Amino acid sequence: MGADRSSGAAPVAVLAMSPFLTPKLFTRAQLDRLGRLCRVPDERPLSDFGEARAEALLAEAQVLVTGWGCPLLDAPALERAPRLALVAHAAGTVKPLVTEAVFARGVEVTSAAAANAVPVAEYALAAILLANKRAFALQRAYAAERSFKPMLEAHARPLGNYGRVVGLVGASRVGRKLIELLRPFALRVQVFDPYLPDEEARALGVEPVALDTLLATSDVVSLHAPSTPETRHLLDARRLGLMRDGTTLVNTARGALVDHDALEKELVSGRIEAVIDTTEPEVLPADSPLYELPNVFLTPHIAGSMGEETQRMSELVLEEIERFVRGEPLAHRVDPELLPRLA
Ligand SMILES: NC(=O)c1ccc[n+]([C@@H]2O[C@H](COP(=O)([O-])OP(=O)(O)OC[C@H]3O[C@@H](n4cnc5c(N)ncnc54)[C@H](O)[C@@H]3O)[C@@H](O)[C@H]2O)c1
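Here the structure is a predicted model, which means the values were calculated and not measured. (Residues numbered from 1 in each chain as written. Predicted model: local features only at pLDDT ≥ 70, side-chain atom pairs only at ≥ 80, totals over all residues. Heavy atoms only, no water.)

**Section: the site of the ligand**
The immediate surroundings of the ligand are formed by 27 residues, with Val-174, Asp-193, Ala-225, Gly-304 and Ala-343 found nearest. Between the ligand and Asp-277, the relevant distance is 3.0 Å, taken from a nitrogen atom to a side-chain nitrogen or oxygen of the residue. Here an oxygen atom of the ligand sits 3.2 Å away from a polar atom, N or O, in the side chain of His-301. Summarising the interface, the protein chains cover 92% of the accessible area of the ligand, which totals 870 Å² for the free molecule. Among the secondary structure elements, those contributing two or more residues to the shell around the ligand are α6 (113-132) and α9 (173-182). Residues belonging to the shell around the ligand are distributed by class as follows: 12 nonpolar, 9 polar and 6 charged. (Near = heavy atom within 4 Å. Polar contact = N/O pair within 3.5 Å; in protein donor to acceptor, adjacent residues only side chain to side chain. Areas by Shrake-Rupley, 256 points an atom, 1.4 Å probe, with all protein chains shown as cover. Helix = DSSP H or I, 4+ residues; strand = E, 2+ residues; numbered from the N terminus. Nonpolar A, V, L, I, M, F, W, Y, C, P; charged D, E, K, R; others polar.)

**Observations concerning the sheet that holds strand β3 (residues 86-89)**
Reading across from one edge, β1-β2-β3-β4 is the order of the 4 strands in this open sheet, with parallel pairing throughout. Looking at which strands have only one partner, the edges of the open sheet turn out to be β1 (13-16) and β4 (108-111). Strand-to-strand twist in this sheet, taken as the mean axis angle between neighbours without regard to direction, amounts to 20 degrees. Two elements, β1 and strand β2 (residues 63-66), share 4 bridges in a ladder whose sense is parallel. What sits directly across from Ala-16, in β2, is Thr-66. (Pairing = 2+ DSSP bridges. Axes fitted to C-alpha atoms, helices over the stretch in contact; angles between N-to-C directions.)

**Details of the environment of Ile-128**
Residue position: Ile-128 is located in helix α6. Separated by 33 residues in sequence, Ile-128 and Asn-161 place their C-alpha atoms 9.0 Å apart.

**Quick word on a nonpolar patch on the surface**
There is a patch of nonpolar side chains on the surface, built from Tyr-142, Phe-148, Met-151 and Leu-152 and spanning about 430 Å² of accessible area. Looking at the element boundaries, Phe-148 is found in the loop between α7 (135-145) and α8 (149-154). (Patch = residues over 30% accessible without salt bridge, like charges linked within 9 Å, V, L, I, M, F, W, Y side chains within 5 Å. Salt bridge = Lys/Arg side-chain N within 4 Å of Asp/Glu carboxyl O.)

**So, the sheet that holds strand β7 (residues 207-208)**
The strand order across the open sheet built from 7 strands is β7-β6-β5-β8-β9-β10-β11, with neighbouring strands paired in parallel fashion. What marks the edges here is a single partner per strand, and that holds for β7 and β11 (296-298). Summarising the sheet, strand β9 (residues 248-251) and strand β10 (residues 273-276) pair through 4 bridges and their orientation is parallel. Bridge pairing in β10 links Asn-251 to Ile-276.

**Observations concerning empty space enclosed by the protein**
Considering all chains together, one arrives at 1 cavity of 30 Å³ or more under this definition. Roughly 70 Å³ of internal volume is contained in the largest cavity. Taken together, 13 residues line the largest cavity, and the ones lying closest to its centre are Phe-136, Ala-137, Glu-273, Ala-274 and Asn-295. If you list the elements that add at least two residues to the lining of the largest cavity, you get α6, α7, β10 and β11. The dominant element in the lining of the largest cavity, judged by the number of residues it contributes, is α7, at 3 residues. Across the lining of the largest cavity, the residue classes break down as 9 nonpolar, 2 polar and 2 charged. (1 Å grid on protein atoms, 1.4 Å probe; cavity = no way out; pocket = protein on both sides within 12 Å on 5 of 7 lines; lining within 4 Å. Points joined across faces, edges and corners; volume = space filled by probe spheres on them.)

**Structural notes on the nonpolar core**
Among the nonpolar cores identified, the biggest contains 29 residues, and Val-166, Leu-168, Leu-178, Leu-182, Val-189, Val-191 and Val-206 are the most heavily contacted of them. The set of elements that each furnish at least two residues to this core consists of α6, β5 (165-169), α9 and β6 (188-192). Sort the elements by how many residues they give to this core and α6 lands first, with 10 residues. Excluding its chain neighbours within four sequence positions, the residues that come into contact with Val-206 are Ile-179, Val-189, Val-191 and Ala-201. Leu-211, Leu-257, Ala-262 and Ile-276 belong to the second largest nonpolar core, which has 27 residues in total. (Core = buried A, V, L, I, M, F, W, Y, C linked by side-chain atoms within 4.5 Å. Buried < 20%, exposed > 50% of the residue type's maximum accessible area, 1.4 Å probe, protein only. Contact = heavy atoms within 4.5 Å.)

**Let's talk about the side chain of Thr-299**
Considering the arrangement of structural elements, one finds Thr-299 in the loop between β11 and α14 (310-326). A polar atom in the side chain of Thr-299 sits 3.0 Å from the side chain of Tyr-123. If we ignore the near neighbours within four places in the chain, the residues touching Thr-299 are Tyr-123, Ile-276 and Asp-277.

**Looking at the packing of helix α2 (residues 28-37) against α14**
Geometry of a packed helix pair, given as the angle between the helix axes and the separation of the axes. Running from amino to carboxyl end, α2 crosses α14 at an angle of 10 degrees, the nearest separation of the two axes being 10 Å. One finds that α2 runs roughly parallel with respect to α14. Taking contact as the criterion, the partners of Gln-30, Arg-33, Leu-34 and Leu-37 in α2 are, on α14, Gln-311, Ser-314, Glu-315, Leu-318, Glu-319, Ile-321, Glu-322 and Val-325. For the contact of α2 with α14, the residue count by class is 5 nonpolar, 3 polar and 4 charged. (Parallel < 35°, antiparallel > 145°, perpendicular 65-115°, else oblique.)

**Quick look at unusual backbone geometry**
A cis amide bond, omega 0 degrees, links Glu-280 with the succeeding residue Pro-281. Mapping Pro-281 onto the fold places it in the loop between β10 and β11. With phi around 50 degrees, Arg-146 is a residue other than glycine that occupies positive phi space. In this fold, Arg-146 is placed in the loop between α7 and α8.

See the structure below:
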């Protein structure tokens, strides 16, 4: 089963994703590079395995280059792709498309989650630095009061980016990238992650702590754990209550990590502040107070790759396909054993 890489013939690559995505995701130069690595019978991506072109393309596909909008790769789909050996996902999580059947067939899977982690970490870094200055709340207060009074009053509480404490939940790909980005700043970084050995945390230059301690001692808490049954409502009413008055919660991970009813109560009371990119549900109900609260900076799931940033994911996938063609091990292989605790 799979591509015969010993024959020297270029494997056949087929794209499967939303057709609206490809022009931005793959530049002309990137598609040309794919064409030099593989034989690409049709550059137009499949977005529905029921369409007329799908049968012939799937029958010869050895490499499936997937992206957002790729149909489910279940047993019936795999039956139609008997030569498939590699799924190269030019996006983050493979969970919405890759089923057990893919791994059971021995098809290798790689994902660009590491490339997608970069803009999320950059966004979280910006959020942390601005939250420590209380920039989000003070922008609203300045506009409302047209005076420096709120800024002057802000000094009554800890403020700024010198010696303050950042608490990261999850040493994930995003979490680790953020640790790296935070290094030049005069901030103390502590981390909670049940899968991160203490010595590894120290090697990363961060302090491993229990979740309750992290919440009670951080000026900004930034969430970077995946949404799994284990992390559902990880921040419940009790844990949100541990955050000190005036501190900030940053969520660029998933809304499911936080009990949103409890969060709403804390935010409506004005006790804590929040920068929220991911909510539960998505989109929030039209009457949610989170849209208007002065202590909430709410964005529509923009931390991950957007626009040109998506080309970083294509680049990673092309490098993986090159390794595959050369018969080298993949650098970002998705391990089905680890998948339950990954994003
Ligand atoms: N806002 C966006 O646009 C956007 C884009 C990409 C990713 N995300 C989200 O960012 C988060 C991180 O993504 P990733 O790809 O870096 O994740 P990942 O797959 O690298 O995370 C897995 C790691 O998380 C840690 N972890 C697992 N369970 C944990 C727990 N119970 N408590 C604390 N840590 C735990 C472990 O270190 C594990 O190895 C995810 O929630 C993901 O959905 C959001």
